[in-house]
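Summary of structural features
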Amino acid sequence: MIWMHAIIVFLCLCSIHTAFGQDCPSRQEMQSSLKQVQKLVSAHEAAYLQSLRTLRKKLNLLQSTAAKANNGTCLKLDAPANSRKLGRAQTPGHEVHFICDPGYELVGAESRVCLESLTWSGQQPTCRDINECASSPCLNGGTCVDEVNRFSCMCPKGWAGATCQSPVPTAFVTMTNTSAALSAPSVTLGSFVRPSRCTQVQGTTHCTCDPGYTISGRDSTTCIDIDECELFHMGQAGRLCLHSCVNTPGGYRCSCPSGYNVTRDGRNCKDIDECATRLTNCTRDQMCINTYGGFQCVRVDCPRIRNATYSQTSPLRCERNPCSVDNKLCPQAPNSISHHYLSVVSNLSAPRTMFRVSALRPMGDTLRFSLLSRGQARRHFIVQRSDRQTGQLVLVRPVQGPAVLEAEVEMSELDKRVLLARYITKVTMFISQYEF
Ligand SMILES: [Ca+2]
Ligand SMILES: [Ca+2]
């Protein structure tokens, strides 16, 4: 820039000379001035190139320092608060997944990939507390208090229960005070109200009730049934029944949804194995799969595609028939397709390995495992290698039942990067409605 200024100054000087009527400098003077300007330009050019070289050196030094510091890996990524991270590899091409703790939901990307630039893709996600009160679970004017992975209800007067669903038993007391209720308790209240047995001991009255009953509070001559279901509704651990509790006069009983029986201890529910007890309506060409709370009739059909034909070699497996020499597309079709059915309960904790696929006698030098499914299966499953010859299907996010999820796992065998064979495993998961 300075040499340009020099030329401009030089031209101005010439015009001033002319304006004052003086002669322009001689040819010799002109040439010597030009030479000086040329020298000036060269000197600046050299200085400019030198400073460019210095800058480039500094940049290279910085880049190599950064690469050494990272050791060719992305920086360690921490899991966001209230979450877990799956995957440890920090080399380019690998990804990590994040799963929020129960009661939290993920905001942002659920996985990040280590890029060639040694930075992670996307932004770090966060785990947000799920507002369990959003669905207004408290009934009869109860106030909902959101807690981590649960809620509690503050009930107004006259209501009780986890969701303020039960009227408090003052109604019994009020009614037993009326002569009508006392005279005909079986009509109005069934056997929930009974007279007490009173004895006089040294001038004082002692009244007692049958087991399962208690003095009504206001009137010692009347006993009311203890509502055990209401009394022990608090908390999962202290609950009387796994599913639902039915209050009975002088006692209670547990009940289970259809498809389940109450266990011997009277508290739990056990799935009925309809397939074992032949309670099913599956046809001869179908297989019966027992599920929690029900059963499924399934039939395995071998694929019908244009380039290859399949034969059913076992109830759950189809294998490709030998390819004819002139059929170039046939060898690319899967060599086998296996079906597997899993019955699981709703909200199964994750991460959890659901299924493993391995090669018994690998022929090539490389085995690859991948998840072919799209959509919902991708949200809940990943496929990862568990050892050199085994891949596993991992549930990474709990599934709320009832639902059916299908995941397709492909194992491909390669030798010197040439595809030798493909094996497909279709895993169908029947997820129950209840968590037992
Ligand atoms: Ca009772
Ligand atoms: Ca069943």
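These lines cover the structure that appears in this document, whether it is placed above or below. If you're wondering where the values come from, they're calculated on a predicted model, not measured in any experiment.

This part takes up the sheet that holds strand E24 (residues 352–358). Here three strands make up an open sheet; going across it, the order is E24-E27-E26 and the pairing antiparallel. Across the chains shown, the open sheet's two edge strands, defined by having one partner strand only, are E24 and strand E26 (381–387). Pairwise comparison of adjacent strand axes, ignoring direction, gives a mean angle of 30° for this sheet.

Coordination of the calcium ion (ligand 1) by the protein is provided by Asp225 (OD), Asp225 (OD), Ile226 (O), Glu228 (OE), Asn247 (OD1), Thr248 (O) and Gly251 (O), with metal-donor distances spanning 2.3 to 2.7 Å. Between the donor residues of the calcium ion (ligand 1), the gaps in sequence give the motif D-I-x1-E-x18-N-T-x2-G. In this pair, isoleucine 226 is assigned in the loop between strand E14 (222–225) and helix H6 (228–231) and glycine 251 in strand E16 (residues 251–255), connecting sequence segments 25 residues apart.

With that settled, the discussion passes to the coordination of the calcium ion (ligand 2). Protein coordination at the calcium ion (ligand 2) comes from Asp271 (OD), Asp271 (OD), Ile272 (O), Glu274 (OE), Asn290 (OD1), Thr291 (O) and Gly294 (O), with a distance range of 2.3 to 2.8 Å. For the calcium ion (ligand 2), the donor residues sit on a single chain with the sequence spacing D-I-x1-E-x15-N-T-x2-G. With a gap of 18 residues between them, isoleucine 272 in the loop between strand E18 (269–271) and strand E19 (287–291) and asparagine 290 in strand E19 connect regions that are remote in the sequence.

Moving on, we get to the environment of aspartate 146. Residue placement: aspartate 146 occurs in strand E6 (residues 143–147). Separated by 13 residues in sequence, aspartate 146 and cysteine 133 have C-alpha atoms that sit 5.7 Å apart. Residues within four places of aspartate 146 in sequence aside, it is in contact with Asp129, Ile130, Asn131, Glu132 and Cys133.

With that settled, the discussion passes to the side chain of histidine 380. Here histidine 380 is to be found in helix H7 (residues 376–380). Taking relative accessible area as the criterion, histidine 380 reaches 5% and is therefore assigned buried. Once residues within four sequence positions are removed from consideration, histidine 380 is found in contact with Val394, Leu395, Val396, Arg397, Pro398, Val399 and Leu405.

A cluster of nonpolar side chains, contributed by Tyr48, Leu49, Leu52 and Leu55, occupies part of the molecular surface with about 410 Å² of accessible area. Relative to the elements of secondary structure, tyrosine 48 occurs in helix H2 (residues 27–70).

On to the nonpolar core. Most often, soluble globular proteins have nonpolar side chains that are buried together. Counting 26 residues, the largest nonpolar core has Met354, Phe381, Leu393, Leu395, Met429 and Ile431 as the members making the most contacts within it. Those elements giving two or more residues to this core turn out to be strand E23 (336–344), E24, strand E25 (366–371), E26, strand E27 (390–395), strand E28 (403–415) and strand E29 (418–431). When residues no more than four places from it in sequence are discounted, the contact partners of isoleucine 431 are Val344, Val345, Ser346, Val399, Gly401, Pro402, Ala403 and Leu405. Counting residues in each nonpolar core, the second largest holds 13 residues, with Val300, Tyr310, Ile337 and Tyr341 among its members.

Moving on, we come to the state of the cysteines. Here the structure, examined in full by the defined rule, presents 12 disulfides. Across the disulfide, cysteine 74 is cross-linked to cysteine 114 (sulfur-sulfur distance 2.1 Å). Given an S-S torsion of about 95°, the disulfide between cysteine 74 and cysteine 114 has right-handed geometry. Note that cysteine 74 is positioned in the loop between H2 and strand E1 (83–86) and cysteine 114 in the loop between strand E4 (111–113) and strand E5 (126–129), a separation of 40 residues in sequence. Between the sulfur of cysteine 302 and that of cysteine 318 lies a disulfide, 2.1 Å long from S to S. Judged by the torsion about the S-S bond (-90°), the cysteine 302/cysteine 318 disulfide is left-handed. Placement of cysteine 302 in the loop between strand E20 (294–298) and strand E21 (310–314) and of cysteine 318 in strand E22 (residues 317–320) is noted, with a sequence separation of 16 residues between them. With respect to class, cysteine 302 is no different from cysteine 318; both count as buried.

This paragraph deals with the environment of glycine 294. Note that glycine 294 resides in strand E20. In this structure the C-alpha to C-alpha distance between glycine 294 and glycine 259, which are 35 residues apart in sequence, comes to 5.4 Å. Once you skip the residues sitting within four places of it in the chain, glycine 294 turns out to touch Asp271 and Glu274.

Applying the stated criterion across every chain yields a total of four aromatic pairs. For the ring pair tyrosine 260 and tyrosine 434, a centre distance of 6.2 Å and an interplane angle of 85° mean the geometry is edge-to-face. Here tyrosine 260, found in strand E17 (residues 260–262), pairs with tyrosine 434, found in the segment after E29; they are 174 residues apart in sequence, far enough to count as distant. Since its relative accessible area comes to 6%, tyrosine 260 is described here as buried. Residues tyrosine 434 and phenylalanine 436 carry aromatic rings whose centres are separated by 5.4 Å and whose planes lie at 15° to one another, so their mutual orientation is stacked. Residue class for tyrosine 434 comes out partly exposed when judged on its relative accessible area of 24%. Overall, phenylalanine 436 belongs to the buried group, its relative accessible area being 18%. Ring-pair connections join several aromatic residues into one group, and the members of that group are Tyr260, Tyr434 and Phe436.

Criteria and cut-off values
Residues numbered from 1 in each chain as written. Chains lettered and ligands numbered in written order. Predicted model: local features only at pLDDT ≥ 70, side-chain atom pairs only at ≥ 80, totals over all residues. Heavy atoms only, no water. Pairing = 2+ DSSP bridges. Helix = DSSP H or I, 4+ residues; strand = E, 2+ residues; numbered from the N terminus. Axes fitted to C-alpha atoms, helices over the stretch in contact; angles between N-to-C directions. Donors = N, O, S within 2.8 Å, 3.2 Å for Na, K, Ca; no water. Contact = heavy atoms within 4.5 Å. Buried < 20%, exposed > 50% of the residue type's maximum accessible area, 1.4 Å probe, protein only. Patch = residues over 30% accessible without salt bridge, like charges linked within 9 Å, V, L, I, M, F, W, Y side chains within 5 Å. Areas by Shrake-Rupley, 256 points an atom, 1.4 Å probe, with all protein chains shown as cover. Salt bridge = Lys/Arg side-chain N within 4 Å of Asp/Glu carboxyl O. Core = buried A, V, L, I, M, F, W, Y, C linked by side-chain atoms within 4.5 Å. Disulfide = S-S within 2.5 Å. Phe/Tyr/Trp six-rings, centres within 6.5 Å; stacked < 30°, edge-to-face > 60°.

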